[in-house]
Structure formats: C-alpha cells, structure tokens
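Descriptive analysis of the structure
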Amino acid sequence: MKMTPALLVIGGLMVFWASVSVAIILPSATMDEKPSDIWEPWSQKVKRGNDIYVRNGCSYCHSQFIRIMDWDGDAHRIAQAGDYYSYQPIILGTERAGPDLSQDGGLHPDEWHIAHFVNPRYTRPYSLMPSWAFFSPEEIDALTAFVQSRTGRDADERMREQLKWSRQAVEAYRAGPDANIRWIHSRVAEPWRAMPNPYTADADALKRGERIYQLDCINCHGPTGDVEVLRGPPAARARGKGAARARPRRRA
Amino acid sequence: MLAFTKKTNSASRAWLVAGAFWFAVGTTYGMFSAIHLMAPDLFGATPGLVFGRTRPIHVNTVIFGFASSVLWGCTLYAVPALLRTRLWSERTGWLSMFFWNATVLSGPITFSMGYSQGREYAEYIWIFDCSLVVSLLLMILNLVMTIVNRREKLLYVTVWYAMGTALWMAGVYPIGNVMWQVPSGALPGLLDSVFLWFYGHNLVGLLLTPLATGVAYFVVPRVTGTPLYSHTLSLLGFWGLVLLYSHIGGHHILQAPIPNWLKTVSIVDSMGMIIPVFIVLFNLWMTARGRFGSLWNDIGARWILTGLIWYIFTCTQGPLQSLPILQKITHFSNWTIGHAHIAVLGFSGFIAIGGLWYVLPLVTGRQLYSRKLASLQYGLALLGITGFFVVLTIAGLLQGTAWYHGQIVYEVLPYITPYMISRAMLGVLIVMSAYIGLYNVLMTIWKGRPLMDGTNGRTHR
C-alpha cells in the first residue's frame, strides 16, 4: 500500500469518523435515562453551588459516583445513570483526594460545611482541601446547599431528621444540665441504660478518648464539650461578621 | 510589516520558543499543586493558588502549551524538510501559533480567577475553544498546501502523523468541548462524561501520541543514518492508532453507570492498543538496531530514545489499567497520576524536548548554546519523572488497597503524606529542568555560534 495524499486525508477522516460514530454518536442515540428514584430537580441555589463547584475545580479531588466496591462513609447506594438526569454540567471526577460527594447530603449540619469550607482543618485535621475563606458568605451558602442536595430525595430526608434532632438537643441543653442529661438518657433504650459500660473508664482509656475528642470534636464543641453555640467560623457567621472574614485557624 | 514572520522556519522556531516557555510555566503551576498536597495551608486562602485552580492551569499548560507546542514546532520543520519544499506559508504558521497560544495563555488568567468550564482537560472557556479550533484549521490548511506543493513524491510517515493529528483534533476538540453548548460546554446528564472522556483520552491518543511518534520517526533514522526498517509496519502502526485509540475513552469512567457495551468496547480497544504501539516501537528499534550509541551521543536523540522507553512503560501500563480487575484497586488513586505523568512528560514530553534540541539548531542556524546544560536538564528530568512514577504508584497502591478493604478516603490521607512530600521534592527537579531548558533555548537564539556546515545540525555536540 502506498500512502497518497488522498488516502491520507480521506482515509484518515473516514476511520476517525467511524470511531466517532461508535464512541459518540451511538451512545448519544441510545443512552436515554429516566430520572432515578432519588432524583429531583436542582433549585436555583443548588445550581449556583454546582456552578461554583465546577468553576473552582472541586471535581479534581471529589468524585460523584459510588462504585460497587466503595465502603466510604458516604457510600449508601451504587450510582445509577438516572441519578444524573438533566444535570448540566455534572462532573463525575477521576480522583479521590477527598471523599466522594455524590451522597454526602444531610450527613453533616450546614454549620459543619461552612466551617469546613472556611478552614477544612477545623473540622477535619487531616484534610488536604484548600481554604475557601475568600468566597463570599453567599457563595459558601450556595456551595453548602449543593453538597447538602447530593443524593436528592434521600438527602432531603436526612436533612429533615437532622434538623428535628438538633432542635430538640439545643432545647434540652438550654433547659440546664439536669434536664439535658434526662433528655439524653431518654434517647437511650431502657435495657441499655441499665447495662454496665464494658469499656473500663481507667486513665488509659480516658486518655485515648481525650485524644480522639481533641482530634475530631474540640473545634466545635469546646474543650469540655459544654459549648452550645459553635465556635470559630460558623459562630462568626452567626454573629453576622461574615464567614469570609473569619480567619482560618491552624491546627493545634 | 512584521517581516520576520516570513522568514523560513520562523514559525517552527516560534512554536518551539513558546513550548519551552510554557514548560516552565506549566511545571511551576504543577509545583504549586504539589506543594498544596503536601502543605495545604502554606499559601493560605489565596484565590489564584488554591489547588482547584492551579491544577487545571498545570494540566492544560503542559499538554497544550508545552508538549503539543514543541511537537508542532518540530513538525513544522520536519514536514517541509521531508517533502523537499518550504512550509506553504510561514505567516499561517505564525497565525496558528498565535491562536493556539492565546488559548494556552487564557488558562493561567481565567482559571486563576475562577472562570473555567471545569471538565477535565476541557476547561478553556468557549471563546478560547474557538481560538484553538481556528489554530487547527489554519494548521490543516498549511499542511495540506505544503503537501500539495511538495517536490518529493513519497509521503514519509512523519507527514501522515502530522496531517492526521490536525484533521482528527479538528473533530475531537469541538466534540469533546461540546462547543455548541455555550457557556457550559457540557451536555446534560451522564452522556456528558462519555463525550468528555472520548475527548480526554484522545488528547493523548490523537494529539500527543501521533505528533511525538512522528517526531521520533523523523529524528531516529536521521541520527542513526539508517533507512526506516519497514514501511508496512509504519502503515500498520498509523492506521492501528487512529482505529483503536479513538474508542478507548470509556475506560476512564469504567466504574460509572455508562452502558456496558461501551465499557466493553473501551477495554477491548485499550488492550488492542498494545498492537500499534509495539509495532511503532519495534519499527524504530529495528531501524536503530546496532546504532543505539549514536542515539545516545546526540543530545536530542537521547531524549527521544528515553521517551520511547517511557512509551513502552506507558502503553503497557495503560492497557492493563483498563482491566476492571486492576482498576478496582488503582482507580481514583495516585497510581493514575503517576501514569499520566509518564505519558505526558515521560513519553511525549521527552520526545518533544528531544525534538527541540534536534530541530532548534536547524531552524535558528545556530549551534546549541550549551550541550552540558541540555545534558544536565536530561538528568534532572529523568530523575524527576522516574521518581514520580515510583512514588505515585506506591501511593496509589496504598490508597487503593486501603479503600478496597474498607478504609475511608479521609483516613488514608495521613498515610500518603511521605509520598506527597517526595513528589514535591522530585517536582523541584522537573521545574529546574524546565527553566534550564528555557534558558538554553533563549541563549541558543541570542548567543549560539552559527552552524558552520550543512550537516543537518548533527555536529552540534
């Protein structure tokens, strides 16, 4: 075979476009998803959040599909094609330097996300995420709304539950220590309340518990766990100073 | 006006200088990204330096700015040389260089301000997508007219790859960037990912690979002074590439809910890629048989030889990686990042730099300013990329195995810290190599001694 200009140009284009017809045109013609059971349309705020997510490259570290082999805390159900119906753009991602976010909605309170966006190490000391403290409070709110919308209807259900219980917990806290303890106990089933703690509260165990607390809890709940209003970035926001101005804190 | 844009080989030279410049910029942004993964609070909350914005600048600048620019520069010299003619229009070459680089320049500017389409490798905003397509159309015109005006009847394999790249990319780029959807540049739903990864993989498959292969086919026989081993094999390699490579994008989203038949096609054709890749390698190997010393001694051909060795690694690892049994561990982890680096820097980047050192004296009429610096650059880049491959592969296996056995992503982060630190340190070597290369290019143009004889630049060592 001799390579002539005509063969090169016409042949090259024919083979290439034949491939396009298999890899692009055929899927376009046959992939016809219906919305899945958890699917719901995006609100304006969620759409805005996705826009911020896309433009700032969140997808380079966070994927948006759960695979059959995933065990992560957010892995509730295996992704279906219909989960993505009509979302535009929806970026699946190819890398995980952070958790998959496709089913993250409702797993944390809004305040947690706001604190996490302003200074990721505040809520997650090992996190590699950049601080997004330069975003306006409106942008952080939209981003939070987007993450809270992930898993569609299931996430809405989780958000409803979360709000219900946090409201009761705050009320109980405000009623004073005795009422608070009574409320906490009332949430534990009767047979369990009578059971002794098999984990002996000796000095070593307490030390271990203290370390876990200091690593994962202290920033929001205070040194002894008696803080009602969240401290740090969310608190600053609650006081109306704006999340953007809350300075990221270094990990202790 | 602008008489310098009419000088013979001036377009090629412009592409080469632009490529050397973007190598420095692109790796610098890679360095920012690497530092971020090591010490995420170092830059504070600086909008232009957050990972989500530096990474696309790094990736797009090294693909479009560095590797493809340098390879286009070499190609624009090689094609007329092989056709015993001149480039049809130097001005058109300059114009396509201008439009291409306008797109590349838009990366650091728009991404750092948060204007990006966000789809991996397809981030350039719409107007700059248009600019890149204009550049490709001008390139097609220039190549076609150069072929029409040729004085050598036979079309050598480098010419096929050059022509093919321009024709294919003019299709791949608008499709992959979904350019008819303004401004999102994306389709609704899952189908978008099919378009995106058709495009993403073809950037390597139908842009970097054919250009790099073409440059290797150009330089290797000229340096060894031997004829090409087999015309038939070069034909098989060429047609095999466009037939198989264009189908395999699906392996990037193999674990996502795309249609099963599409997954099957992408895996089968990924494995099939071994055939054209090894045909090309075998053909070049047999061409250079017994004369590897001459490849090693020519500073340009040395980079190309090394690039071809990385090609073996990349294109053995690539097909295997498409297999679900391997991907269940490696996907989403740093393993893939290691693979991407040996593909873009190890294979096409090394061949681009080799082509640069080989072609630069020919298009400037000056001897290489410093062979020692080019040699140092080689050592730094080789050490850097080899280290990258090792470190990122280990980190990836660690992450993948931990995840597979139930550890969550967050818990595994502290375990990869040492690898992220080593990667950043190795990155310093690559960044140094980029700046040394840029210095050497500029000094060759300003201070290089004139080439005395017409020995195709082979005496510049």
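Residues numbered from 1 in each chain as written. Chains lettered and ligands numbered in written order. Predicted model: local features only at pLDDT ≥ 70, side-chain atom pairs only at ≥ 80, totals over all residues. Heavy atoms only, no water.

1. Considerations on the interface of chain A and chain B
On the chain B side, the residues contacting the 73 residues of chain A number 80 residues. Buried surface at the junction of chain A and chain B, summed over both partners, amounts to about 6,600 Å²; 70% is from carbon and sulfur atoms. Taken together, the links from chain A to chain B amount to one salt bridge. For B:Asp41, the salt bridge identified is with A:Arg121, shortest N-O distance 2.6 Å. Seen at the junction of chain A and chain B, the total is 16 residue pairs in polar contact (both at pLDDT 80 or more). Elements supplying a minimum of two residues to the side of chain A that touches chain B: helix 1 (5–30) and helix 2 (44–55) of chain A. Each residue belonging to the side of chain A that touches chain B can be placed in one class, and the counts come to 42 nonpolar, 20 polar and 11 charged. (Contact = heavy atoms within 4.5 Å. Buried area = accessible area lost by both parts, 1.4 Å probe. Salt bridge = Lys/Arg side-chain N within 4 Å of Asp/Glu carboxyl O. Polar contact = N/O pair within 3.5 Å; in protein donor to acceptor, adjacent residues only side chain to side chain. Helix = DSSP H or I, 4+ residues; strand = E, 2+ residues; numbered from the N terminus. Nonpolar A, V, L, I, M, F, W, Y, C, P; charged D, E, K, R; others polar.)

2. As for the packing of helix 1 (residues 10–38) of chain B against helix 15 (residues 409–447) of chain B
Residue and element names in this part refer to chain B. Direction vectors running N to C along helix 1 and helix 15 enclose 160°, while the axes themselves pass 9 Å from each other. Our classification of the angle between helix 1 and helix 15 gives roughly antiparallel. Relative to helix 15, the crossing made by helix 1 is left-handed. A per-class count over the contact of helix 1 with helix 15 returns 21 nonpolar, four polar and two charged. (Axes fitted to C-alpha atoms, helices over the stretch in contact; angles between N-to-C directions. Parallel < 35°, antiparallel > 145°, perpendicular 65-115°, else oblique. Left-handed = near helix turned anticlockwise from the far one by under 90°.)

3. What to know about the packing of helix 11 (residues 299–321) of chain B against helix 14 (residues 371–404) of chain B
All names here are of chain B. Between helix 11 and helix 14, the least distance of the axes is 10 Å, while the angle of their chain directions is 10°. If you check the angle between helix 11 and helix 14, you find them roughly parallel. Contacts between helix 11 and helix 14 involve Ile 299, Arg 302, Trp 303, Thr 306, Trp 310, Phe 313 and Gln 317 on the former and, on the latter, Arg 371, Ala 374, Ser 375, Gln 377, Tyr 378, Ala 381, Leu 382, Ile 385, Thr 386 and Phe 389. Considering only residue class, the contact of helix 11 with helix 14 consists of 10 nonpolar, five polar and two charged.

4. Remarks on the side chain of B:Ser12
Residue and element names in this part refer to chain B. Turning to its location among the elements, Ser 12 is positioned in helix 1. Its relative accessible area of 1% is what places Ser 12 among the buried residues. In contact with Ser 12, not counting residues within four places along its chain, are Gly 73, Leu 76, Tyr 77, Glu 90, Val 359 and Val 363. (Buried < 20%, exposed > 50% of the residue type's maximum accessible area, 1.4 Å probe, protein only.)

5. Let's talk about the packing of aromatic side chains
Applying the stated rule across the entire model yields 45 aromatic pairs over all chains. Centre to centre, the rings of A:Phe134 and A:Phe135 are 5.1 Å apart; their planes meet at 65°, and the pair counts as edge-to-face. By relative accessible area, A:Phe134 is classed as partly exposed at 24%. Cluster of aromatic residues (ring-pair linked, three or more members): B:Trp15, B:Phe64, B:Trp72, B:Trp100, B:Phe111, B:Tyr124, B:Tyr173 and B:Tyr199. (Phe/Tyr/Trp six-rings, centres within 6.5 Å; stacked < 30°, edge-to-face > 60°.)

6. A look at the nonpolar core
With 196 residues, the main nonpolar core has B:Phe64, B:Trp72, B:Tyr173 and B:Trp357 as its most contacted residues. B:Met31, B:Ala34, B:Ala424 and B:Val431 belong to the second largest nonpolar core, which has five residues in total. (Core = buried A, V, L, I, M, F, W, Y, C linked by side-chain atoms within 4.5 Å.)

7. Observations regarding the pattern of salt bridges
All names here are of chain A. Summed over all chains, the structure comprises 17 salt bridges over all chains. Asp 51 is the partner of Arg 55 in a salt bridge, and the nearest nitrogen-oxygen pair spans 3.2 Å. With Arg 55 and Asp 51 both in helix 2 and four residues apart, the pair spans about one turn of that helix. On the accessibility criterion, Asp 51 (33% relative accessible area) is partly exposed. Residue Arg 193 pairs with Glu 190 through a salt bridge whose shortest N-O separation is 3.7 Å. Residue Arg 193 and its partner Glu 190 are located together in helix 8 (residues 190–194), separated by three residues, close to a single helical turn. Taking relative accessible area as the criterion, Arg 193 reaches 42% and is therefore assigned partly exposed. One salt-bridge network, held together by shared partners, links Arg 67, Asp 70, Arg 96 and Asp 100.

8. Re unusual backbone geometry
Each neighbour pair has its own omega, and for A:Gln88 with A:Pro89 the value is -10°, a cis peptide bond. In this structure, A:Pro89 sits in the loop between helix 2 and helix 3 (110–118). Omega for the bond connecting B:Val182 with B:Pro183 falls within 30 degrees of zero, at 0°, which places this linkage in the cis form. Non-glycine residue A:Ser86 carries a positive phi angle of around 65°. Locating A:Ser86 in the fold gives a position in the loop between helix 2 and helix 3. On the basis of relative accessibility, which here comes to 40%, the residue A:Ser86 falls in the partly exposed class. Here B:Phe332, not a glycine, exhibits a phi torsion of approximately 75°, which is positive. Inspection of the secondary structure puts B:Phe332 in the loop between helix 12 (324–330) and helix 13 (334–364). A residue is classified by how much of its surface remains accessible, and B:Phe332, at 0% relative accessible area, is buried.

9. Considerations on the environment of A:Tyr199
Residue and element names in this part refer to chain A. Tracing the backbone through its elements, the reader meets Tyr 199 in the loop between helix 8 and helix 9 (203–216). When sequence neighbours within four positions are dropped, the list of residues in contact with Tyr 199 reads Ala 205 and Arg 208. Here Arg 208 takes part through its side chain, which lies 3.5 Å from a polar atom of the side chain of Tyr 199.

10. Observations regarding the environment of B:Pro276
All names here are of chain B. By the element assignment, Pro 276 lies in helix 9 (residues 274–288). For Pro 276, a relative accessible area of 4% translates into the label buried. Leaving out residues up to four positions away in the same chain, Pro 276 has contacts with Gly 237, Gly 240, Leu 241 and Leu 244.

11. Here's the deal with helix 3 of chain A
Extensive coverage of helix 3 of chain A is indicated by the burial of seven of its nine residues. Of all the positions in helix 3 of chain A, only A:Trp112, A:His113, A:Ile114, A:Ala115, A:His116, A:Phe117 and A:Val118 are classed as buried.

12. Digging into the state of the cysteines
Residue and element names in this part refer to chain B. Counted according to the given criterion, the structure contains zero disulfides over all chains. Here Cys 74 stays free of any disulfide, with the sulfur of Cys 315 as its closest cysteine sulfur at 20 Å. Judged by relative accessible area, which is 2%, Cys 74 ranks as buried. (Disulfide = S-S within 2.5 Å.)

13. Quick look at a nonpolar patch on the surface
Taken together, the side chains of B:Leu105, B:Ile109, B:Met113 and B:Tyr115 present a nonpolar region at the surface, about 410 Å² in accessible area. Relative to the elements of secondary structure, B:Met113 occurs in the loop between helix 3 (90–112) and helix 4 (126–148). (Patch = residues over 30% accessible without salt bridge, like charges linked within 9 Å, V, L, I, M, F, W, Y side chains within 5 Å. Areas by Shrake-Rupley, 256 points an atom, 1.4 Å probe, with all protein chains shown as cover.)

14. Some details on the confidence of the model for chain A
In the predicted model, chain A carries a mean pLDDT of 87, and the fraction of residues at 70 or more is 89%. Contacts for the low-pLDDT stretch residues 238–252 of chain A, under 50 throughout, to residues beyond four places or in other chains number 26 contacts. (pLDDT = per-residue confidence, 0-100.)

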